[in-house]
Amino acid sequence: MAGGGGARPARCGLVSRSGSPGLEVPPASLPIPRAEARPAGGGERSRRAAQDRSSGGVPSPAAWQHPFLNVFRHFRVDEWKRSSKEGDVAVVTDKVLKSAVYRIRGSVSSSNYIQLPRTSTQSLGLTGRYLYVLFRPLPTKHFVIHLDVSTEDGQVIRVSFSNLFKEFKSSATWLQFPFVFETKTSRRDLAGVAPRDVRWTCLQLDLHDILMFYLNRHYGHLKSIRLCASLLVRNLYTSDLCFDPAVTVTEARRAKLPVNPVPREMAFPVPKGESWHDLYIHVRFPSDSSKAPHEQVERSCPPPEAGHVSRRPPHPVVFGKPLLSSGSPVAQISSPILPCQVPSAPRLLPEVSLTYKHPEVSSVRASSIPGQRPSAWDEATDAHTVVSGKHVLADKSSRVPMALEDLGSCKLFLPDPVLRLKGVIGFGGHSTQWALWTKDGVSVVYPCHAVIIVLHIDTRQQRFFLGHTDKVSALALDGNDTLLASAQVQPPSMVRLWDFQTGGCLSLFRSPLHTICSLSFSGSGALLCGVGKDKHGRTVVVAWGTDQVGLGGEVVVLARVHTDFDIQNFRIAFFDETRMASCGRGSVRLWRLRGGALRSCAVDLGEYCALELTDLAFAQTPDGHRAPSASILFVCSHSGHILEIDHQHMAVLHIRRLLPTQPPAVPLTEKQNFSSGSGIAISSLSVSTATCAVGSEDGYLRLWPLDFSSVLLEAEHDGPVSSVSFSPDGLRVLSTTTSGHLGFLDVPSREYTVLARSHMAPVLALSTEQNRGQMATVSLDHTVRIWDLATLQQLYDFSSGETPCAVAFHPTLPNFFCGFSSGAVRSFSLEDSGALVEHTRHRGAITSLVITPDGRFLFSSCSQGSLVQYSCAVSRCCVLRVAANMVYQDGRPNPNILAVSGDSCRLAFVGPSKCMVTVMESASLDELLHVDVSTLNLASNHLDWAVAVCFSPGDSGHLLVSTSSNKIVVLDAVSGHTIRKFSSVRSRACSSLALSEDSSLLLAATGRTITVWDYPAQGNSGCQVYIGHSEPVHVVAFTPDQQQVLSVGDAIFLWDVLAAPESDPSEPGVPPVHEAGSSVGQLEDLASGASGLPRQQVPIPSPASPSPLSVHDRPFEGSAGTFSTSDEEGPCEENHVSEAFLQGQGPTPPVLVEREASGAGDGPREAAKGSWAPAAVPYHCSQTGEWSLRRVKAGLPTRPDSYKHFTARYKASTRVKSVSLPPVGREQLRLKAVVGYNGNGRANMVWRPNTGFFAYTCGRLVVVEDLHSGTQQHWLGHPQEISTLALNQDGQVLASASCCGNTAARCQIRIWDVPKGLCRHILSHHDTAVQALAFSPDDEFLVTLGDYADLTLALWSMATYELLSSTRLPEPAHGVAFNPWDANELISVGTSAITFWLLQHHGTDTSFQVHREPVPEELGTSELTSLCCGASPLLYCGSSSGQVCVWDTGTGRCFLAWEADEGEIGVLLCSGSRLVSGSNTRRLRLWAVGVVPELRRKGSSARSNSVLMERELTLDGAVVSASFDSGMDMGVVGTTAGTLWYISWTEGTSTRLISGHRSKVNEVVFSPSESHCATCGEDGSVRVWSLASMELVIQFQVLNQSCLCLAWTPPSCERPEQQQVVAGYSDGTLRVFSISRTAMELKMHPHRTALTAIAFSTDGQTILSGDKDGLVAVSRPCTGMTFRVLSDHRGAPISAIQSTGKEYEDLGVEGGELWLAASGDQRVSIWASDWLRDRCELLEWLSFPAPATSEALGLLPPSLAAFCPWDRAILVCVGLGTHEEVLFYSLRQKQVVQKMPLPFFAMSLSLSPGAQLMVVGFAECMLRLLDCVSGTAQDFEGHDDSVHLCRFTPSGKLLFTAAHNEILVWKVTSP
């Protein structure tokens, strides 16, 4: 058997089906080696090819992998060193195989898996063609297998197999195959869980054919494998041999079978007398049966030529017994053992029954490195292909840029192509430094995202190079305009070589670089050098030989070298192609290519070795002399230095520094940033024969003589210049800027010409104007731009400090309207270039603007759902109507969410929910039509919603709606009836629609593509798909003359609409022939796309008609039945109790018996004599003492994938076990109010409308609030965070539960007397946390449910508070509830079943009898997460997948299920005929369920479409608690965002009742008048509250930043307009907000790191801010300037800044103000300042020693200091010192005058301005109030975490304390 040398064994010959089923019969029994195809030539080139292939990471075949490799054994999976496991992975003994196997199980596949190798950076390097997976799916479960396969060119492809997948999908880097189980039943479930009788399977994957058939890629090696739950796996094997698993070696030798028998260790055991195919399943994929007869010959020949790419999707095949048909892709297996239950055979989709022909593709050299084969279709082939009907046709395209997909009938319905790219508005994308001159100097070459543009500077005509799939990162053009090289961003970086004259792609190859940042061509084009980074971040320089590319040769890697120094630019010398130069940070190096190696030498820069060098250029000689001695190298730096280097002698000749000119009258000022130096920051330079052009970051292009004596010419740009380049004649200088401008300076005429302008961020919307031929665009770069459609030049540019979101031209007036993210709508005049009027009726960002064609009305919508109607018949428009909650509330701009009809009479929009489309009369806003989009596709099991709407032009009366299911539905705009549907071939919904005026063409934006349909065509019309955008297309539109199409996204594309070409009627199905040329569009390959292969649609059972859950219904009481548990995989994990417990020393342990969903197993383990199994016997605490069924904590349990489970917030603090509280009635602090609601709790809010009782939790407090007066009661007693609440039926008893912690070994359940507000009793039983509480209907019992770690259900007597029964649960339960019609029955839902518990009373004893029903099959792998009872006997359950199922509790049968949400449903409430559901998608929905009782009587024929959703609200977080009145009209709902909402279904509104910060509160400040306070938090918000009512008044929000400090203007600023707050953020910025104007007035950036402290000066005119690095900046808000930076505390974060007026003049310093700064290194500085005179002098410097054992303290306390309010010359300091104490330091006496001891180190400090009181907060969750006169102290508790913030109000009457996001307000009383 051959091995090594590049040869791999493979089978050869014809495949015969005459033998046994599934046997492959070649002519000879030994395989014939197949040699790899190699390029012609040999010698050095062949050796180099081998080196390149090895260096590229593709392992060569190794002999140790032949004839096969045991993967688990080789990588020692059992040791878990070279592999990894996650989740529930165990070794069990399989009864069938009688050997150890790995069991992988879990509800979430991605969390339970085995992965080889251990990390993604490693590779298995397995080169075997076949992968054999010996596995068995677990019954009724799903499994996933992921393979990462590397191609020969290094591309990694993810190949996935799963029975979760319902259809075949693919992309360029991903293949997804469904694994389907079929049975001999009338109903074919083509996707779903594994059947109950699933067998062991040998899955044989031909990795070579999979990549070739589906992606046209050549298999390299297997990189990694991930086996995900739920399955059993025995082993994995790789081999180049095709084994028959049903034939052993002995059988093959005895019968002399011409097959490859399976090796002994791979074989499944087969008992004597039985057949292998009766016991096991063999799946081979792809199958040879899918090939045409002439394709059955084995591929031992070289691969197909580049001109003929085969696209043959194979048939999947299952080998079984018997094989029904050789041509059938499905094998049904009959079993003689179980004739009633047919075993299932898996198969893989897609099924392909169409015949594919060889496409003929024009020859394009994509294989440029020796040994590399043609790459992927969408990467390497520049051709126009149409897939139509049964044939794949490819032909040469004309010189038009296009990228076309055509799916549908054989007859082409549109001109081919119908669109042609005419122009692109844009420049850059990834970088703005690449712009090149052509040799003749008449054109420039530059990138625009993924498109390369050649622009003729005189005619402004553009031609395009299309082919890149990501943004272009580098460009290079040779000196003869022959070759153009380009690289793209997406790693690994692909490089394309183009024929510059024709535009054809000559070569596409993968570079060894992860990213390429620079390319450089030699003058002749024979050498190309690239610089970039490898995947480890190291700098790499690569030299390629390109001299043979134009002649049909290949690109050869000549040399490659890794460097440790920085390279910013790299150039090849024009006079010698073997010499190069590079520059970077601190280095200039000269390179030489000799002998196949790149070598470099550094130029000695001496004292300038630290310069940041940015660009270099070789000087041009006027006489054309090309000797190296005549060349000078110029290098520029970021600090303004120009270095002249003698290239030959490697010596620096001159070093000059360019300085900016400045008028004499202007003095030099200090820079207002942290940059140093006053030189010009040069970014680029270019040298001609006599001058040097320099581009700098100050926006200037300057021309200097070569001696740099004076500036010859300069041109100012509107942004930093990123590159400059002289034209070949030296008369023009091309320049680019970072702001997206491209232009050139004509030196003789001194005129500057702009060639291109560009948005610097994605374009969101556009609008066109008919009279002047103009277009308006808005972008995320905060600009509105007006363009001329004829010249593509920019006419106007409107800049704003906020983001414009929507734009609309007035049809008759020279005005346009623009909507902004602030909610403002402004009207602008094109004549005056200014704003006409502004309207601010919206509260959210504008999402869409639309104007009627007659110009009468304008409509706007916002993210908060408001719709505003304007009258715009005159220039100054006015508001007519404002309607709230009309439009779907979506925060993203969507121009097509509103639409007006062509006759201006109707308005359509998506709303009020995303599933509804509403049509109104445009003038009166009377509703004309409502269409529920979710009902248009009843066959779908997913909720469908509307994405965009569009009216048809004219009087056709069509309304087009784009849906989330990738369809466009055409509706009758009057009746709402569906007329027809268009299906998108893309996997994205159509976000924008446009229909031509003659209704001939329909356009849609589908992801990064544009799809075109023939709108009048009937039936299943095809479409054409055009690509070119590198980011999603936001809007498509026709120009006013209908001759062109506009598409905007990353850039602005203008397409010509082509007239219908002449066609030959004899060949209607053949498109015209085109030739691949310079304007050839990049084809997106159909066969590799998600919709590229014909496939059989997978029928999905409708959720409206669920099948019966089991053969037998739940038996009634008294009937016979057997319930058992079984485990077919091996030993089961049982719950054991001690022997003493079983022998009578305690009561008999509770036993939970369940019925398997799959029926009986191998044998019953325990049976019960009735329909109910006993679960627990009476539990007597007096007899058993501490006996209870508690789980032994052997390890941390896995948290279920359900948000219903409470998880206590992590706290670094530790609470003291006891606090000495002051005597009752003598407390100096009384808790007045709590600000916030604990969104971390679950069901931790109760409300009774009939009594008005309203309670919720905040930390470890129960807050009882009067909703009318706002007064609060606070029930304190829990030692830890409260998880849940429950109120009994009469509302007199409240139960609350808290988790365990350092002060509580078990969870504490408190029983509260509601009228008295006192704790009646404390219960304790659960170990970790209580998941749910529930009272019985008669209030006699309380059931408590432990969380996933506790797994205990306990029943308590409310009369005696005794524990009646405790039961160990087999799996986590998510919720529990009593049956409201039977106090002796309760129900719980969990991971895999619903459990019915029946209470049985025997005297004083109480026990459970239990019945379990599995989760309905219709729910798949979903878990039941919530429940509630409806009208008797209905039970509603919510699932983790968003479904609601309805059970009949009398029969224990689920008879109805429907899709109620897209996420997990955590809250369900039902009353009468209405049901409320809340989920983790933030949605709250109201359902009409009055028809459900009638559906129950229908049984299996019930349909869920009768259940209708009445209302929907979107809140600010996942719904965790809810309470409603009996009519379900109003209620209160809590979310994870820490908000309690009042819900009114009648009005359809949600109003905030309680709100707070959802993350840590960092500061509290007060207004001088004490009317308001402000808080800031980690969530980036600044909230202003009314102190009287503690209601939220204003909120300022900054996204993606944390607000760390806050200050209010001092009392000197008394006027309302002077009331401001300044906030410091984590990005180093500070913002000043006006309270009276509710707006941000100023934003500054004085710091590089996060601000940690901030304060106003005493006059309010100066802001002092400190940052994380210890710098203190002094700024003036009136000018926005930072005029002083103090670095005395550098190295430690500033923890406090405070300023005060200087009351004493004997301190020895000048200035009327004192201020201090404290830092984290226990240092405090005190300063005297007079900011108006710019004076600041250090008065005192204090330093406090830290203890030697500070590392052991855990959470270190901050260093805090404050001026004493009753004596400003005394400083109060706390922090980390040698003792826990407070220090009083006198500034006059220069010493500590008083010390006060503390129990712990202080975390916060505040001093009362009213009385001489001081409060200190501790990490031990308590605070201490100190009377500084008497020295007495009082301790208080109430917080659940470290008290990190204490603040007295200015009057000292109130105290605010904060712990994480809890804010407690205390009233200060006199002693």
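For the structure itself, look to the data block above.
Residue positions within a chain follow its written sequence, with the count starting from 1. In keeping with the model being predicted, local features are shown solely for residues with a pLDDT of at least 70 and side-chain atom pairs are shown and tallied solely at 80 or more, while totals for entire chains, interfaces and linings include all residues. Hydrogens and water are ignored here; the side-chain numbers use all heavy atoms of the structure.

Digging into the nonpolar core
Here's step 1: For the purposes of this section, nonpolar cores are sets of buried Ala, Val, Leu, Ile, Met, Phe, Trp, Tyr and Cys residues that join through side-chain atoms within 4.5 Å. A simple rule labels every residue: compare its accessible area, found with a 1.4 Å probe on the protein chains alone, to the largest value its type can have, and call it buried under 20%, exposed over 50%, or partly exposed in between. Ranked by size, the top nonpolar core spans 49 residues in total, and within it Leu147, Phe177, Leu205 and Leu222 carry the most contacts.
Here's step 2: Numbered from the N terminus, helices here are DSSP runs of H or I no shorter than four residues, and strands are runs of E no shorter than two. The dominant element in this core, judged by the number of residues it contributes, is helix α3 (residues 207–215), at six residues.
Here's step 3: Any two residues having at least one pair of non-hydrogen atoms within 4.5 Å are treated as being in contact. Ignoring anything within four residues of it in the chain, the contact list for leucine 147 reads Leu131, Ile157, Arg158, Val159, Phe161, Leu205, Leu207, Leu222, Ser224 and Ile225.
Here's step 4: In terms of nonpolar packing, the next biggest core, distinct from the first, is built from 35 residues, Cys448, Phe464, Phe744 and Leu1003 among them.

Looking at unusual backbone geometry
Here's step 1: The omega torsion of the bond from alanine 229 to serine 230 falls at 10 degrees, within 30 degrees of zero and hence cis.
Here's step 2: A cis amide bond, omega 5 degrees, links glycine 911 with the succeeding residue proline 912.
Here's step 3: Summarising the element assignment, proline 912 is placed in the loop between β66 (906–910) and β67 (916–921).
Here's step 4: The residue histidine 449 is not glycine, and still its phi comes out positive at about 60 degrees.
Here's step 5: Locating histidine 449 in the fold gives a position in the loop between β26 (443–448) and β27 (451–456).
Here's step 6: Phi at arginine 1482 takes a positive value of approximately 75 degrees, unusual for a residue other than glycine.
Here's step 7: Note on placement: arginine 1482 falls in the loop between β103 (1474–1479) and β104 (1483–1488).
Here's step 8: Residue class for arginine 1482 comes out partly exposed when judged on its relative accessible area of 39%.

Quick look at the sheet that holds strand β90 (residues 1330–1335)
Here's step 1: Only strands joined by at least two bridges in the DSSP assignment are considered to pair. Spatially, the four strands line up as an open sheet ordered β90-β91-β92-β93, and their pairing is antiparallel. Both outer strands of the open sheet, β90 and β93 (1363–1368), are each paired with one neighbouring strand and no more. Shown here is a sheet whose adjacent strand axes are inclined to one another by a mean of 15 degrees, direction ignored.
Here's step 2: Sheet topology places strand β91 (residues 1341–1346) next to strand β92 (residues 1352–1357); five bridges connect them, and they run antiparallel. In the sheet register, threonine 1344 faces β92, and the bridge partner there is alanine 1354. Interaxial angles span 0 to 180 degrees and are taken between N-to-C directions of axes, which are lines fitted to C-alpha atoms, for helices over the stretch in contact.

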